[in-house]
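The chain contents come next:
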Amino acid sequence: MNKTSTPALEIKGLNAWYGESHVLHGMDLVVQPGEVVTLLGRNGAGRTSTLRAVMGLTGARKGSIRINGVETIHMPTHRIAHLGLGYCPEERGIFASLSCEENLMLPPPLKAGEAGMSIEEIYGMFPNLYERRHSQGTRLSGGEQQMLAVARILRTGARLLLLDEISEGLAPVIVQALARMITTLRAKGYTVVMVEQNFRFAAPLADRFYVVEHGHVVERFGAAELEAKMPVLNELLGV
Ligand SMILES: Nc1ncnc2c1ncn2[C@@H]1O[C@H](COP(=O)(O)OP(=O)(O)OP(=O)(O)O)[C@@H](O)[C@H]1O
Ligand SMILES: [Mg+2]
């Protein structure tokens, strides 16, 4: 198999548990390098659990999760991350007592000697963060914290980004800025898997969509089919 045909992420028959609780039931998902893929679904469908399982953050996992062709199902989280993954959980994990810039300077690169996105490039992409670079974490708005959380992942050099509900609860102007950010990342060749409740945010950004229900995929389609799929989405998600 040559490099261009190896998916950035390939999940097959994934089952995952939290303790006794069986939450993923045969998830299948393929993401090609440079794609933006959105996971849709109702509350509790298993989208966050899918991202967490990819990072090795659930309990037991069975099945297959390949990252750039490498099987990771038996790997611990730190080894998985070093394959170039960046996970942005819903709780953003901004260090309150550190400044915006200190938060950005914190993460070491995932691969020794390979720098992530430079601070200049980060500030070019997020002018708000440049303006707020000396502000303490706690003093940043929700939107600024969200941008900082994504920017901090880019600093690590991660090329496959797992983003959980980044638009949630944010003002429309910030949501627009996040949409521009996704478009920019796509143009720069990043691979993005986003979990989204906000269908209007995700719809114009994603190359492909998966609908998750009860811990497995019930629908998958490309952006070109989106309009034709609206009645089905309406039924499944009420969008
Ligand atoms: N730490 C946990 N321990 C036990 N069960 C959990 C845990 N986290 C999630 N679950 C359960 O796993 C199932 C899938 O939850 P998950 O968080 O993946 O859903 P989701 O699609 O992200 O939805 P949403 O974010 O809207 O709640 C749910 O039934 C949830 O109650
Ligand atoms: Mg969730």
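The written sequence of each chain sets the order in which its residues are numbered from 1. Whichever chain is written first becomes A and whichever ligand is written first becomes 1, with later ones labelled in order. Where local features are concerned, this predicted model is filtered to residues with pLDDT of at least 70; where side-chain atom pairs are given and counted, the filter is 80 or more; whole-chain, interface and lining totals use all residues. As a convention, hydrogens and water are excluded, and side-chain values are obtained from all of the structure's heavy atoms.

Student: Just to check I follow, could you spell out the overall build of the chain for this structure?
Tutor: We count a stretch as a helix when DSSP gives it H or I for four or more residues in a row; a strand needs E for two or more, and each element gets its number in order from the N terminus. Helix and strand content of the chain: 9 helices and 10 strands. Our radius of gyration is a C-alpha quantity, and the globule rule it is checked against amounts to 2.2 Å times the number of residues to the power 0.38. Taking 2.2 N^0.38 as the reference for a compact globule, 239 residues should give roughly 18 Å; the C-alpha atoms of the chain span a radius of gyration of 17 Å, in line with that estimate. Along the three orthogonal principal directions, the C-alpha set of the chain runs to about 45 × 40 × 40 Å. For the chain, the residues scored as buried account for 51% of the 239 residues in total. By the convention used here, residues are in contact when the closest approach between their heavy atoms is within 4.5 Å. Contacts spanning at least 24 positions in sequence make up 67% of the contacts within the chain whose residues lie at least 6 apart. With an accessible surface of roughly 11200 Å², the chain has 52% of that area assigned to carbon and sulfur atoms. Burial classes: relative accessible area under 20% of the type maximum marks a residue as buried, over 50% as exposed, and values in between as partly exposed (1.4 Å probe, protein chains only). What sets the accessible areas is the Shrake-Rupley method with a 1.4 Å probe; for residues, cover comes only from the shown protein chains.

Student: Teacher, can you tell me more about the pairing of strand β8 (residues 191-195) here?
Tutor: Each regular strand carries side chains that alternate between the two faces of the sheet. Counting buried positions along β8 yields 5 of 5 residues, so the element is predominantly enclosed. Side chains Thr191, Val193 and Val195 project from β8 onto one buried face, and the interleaved Val192 and Met194 project onto a second face that is buried too. Should DSSP find at least two bridges between two strands, the strands are regarded as paired. Direction of pairing for strand β3 (residues 36-41) relative to β8: parallel, over a ladder of 4 bridges. Counterpart to Val36 in the pairing with β8 is Val192.

Student: Teacher, can you tell me more about the pattern of salt bridges here?
Tutor: A side chain with one charge may pair with a side chain of the opposite charge, provided their charged atoms come close. Salt bridges are counted wherever a side-chain nitrogen of Lys or Arg sits within 4 Å of a carboxyl oxygen of Asp or Glu. Taken as a whole, this structure holds 8 salt bridges when the rule is applied. For Arg208, the salt bridge identified is with Glu35, shortest N-O distance 2.7 Å. A residue pair is termed long-range when its members are at least 10 positions apart, and Arg208 in strand β9 (residues 208-213) and Glu35 in the loop between β2 (21-31) and β3 qualify at 173 residues. Linking Arg66 and Glu71 is a salt bridge whose minimum nitrogen-to-oxygen distance equals 4.0 Å. Residue classification places Arg66 among the partly exposed positions, given a relative accessible area of 34%.

Student: So what exactly am I meant to see when it comes to the sheet that holds β2 here?
Tutor: Strand pairing within a sheet occurs via backbone hydrogen bonds; the two strands may be parallel or antiparallel. Spatially, the 4 strands line up as an open sheet ordered β2-β1-β4-β5, and their pairing is antiparallel. Among the strands making up the open sheet, the edge pair consists of β2 and β5 (70-71). Relative to β2, strand β1 (residues 9-18) is paired through 8 bridges, and the arrangement is antiparallel. By the bridge assignment for β2, Ala16 is matched with Leu24.

Student: It is not clear to me how helix α9 (residues 226-237) should be interpreted in this structure. Could you clarify?
Tutor: In an α-helix there are 3.6 residues to a turn, and that puts residues three or four apart on one side. Compared with the 16 Å implied by 1.5 Å per residue over 12 residues, the 14 Å span of α9 between its first and last C-alpha is markedly short. Looking at α9, one finds that the buried residues are Leu226, Leu233, Leu236 and Leu237. Across the axial projection of α9, the buried residues extend over an arc of 60°, all falling on one side. Those residues of α9 that are exposed and angled more than 90 degrees off the buried face are Ala228, Pro231 and Glu235. Elements in contact with the buried residues of α9: β3, α8 (199-202), β9 and β10 (216-222). In this scheme, a helix's expected span is set at 1.5 Å multiplied by one less than its residue total. The arc refers to the directions leading from the helix axis to the C-beta atoms.

Student: Honestly, helix α6 (residues 142-155) in this entry has me stumped. Any pointers?
Tutor: The terminal C-alpha atoms of α6, which comprises 14 residues, lie 20 Å apart, in line with the 20 Å expected from a rise of 1.5 Å per residue. Within α6, 13 of the 14 residues are buried, which leaves it mostly tucked inside the rest of the structure.

Student: Is there a simple way to think about unusual backbone geometry in this case?
Tutor: With the exception of glycine, the majority of residues adopt a negative phi angle, and the majority of peptide bonds are in the trans configuration. Not every positive phi belongs to a glycine, and Asn68 is a case in point at roughly 50°. By the secondary structure assignment, Asn68 is in the loop between β4 (61-67) and β5. The phi dihedral of Glu165 is positive, around 50°, even though this residue is not glycine. Structurally, the position occupied by Glu165 is in the loop between β7 (160-164) and α7 (172-187).

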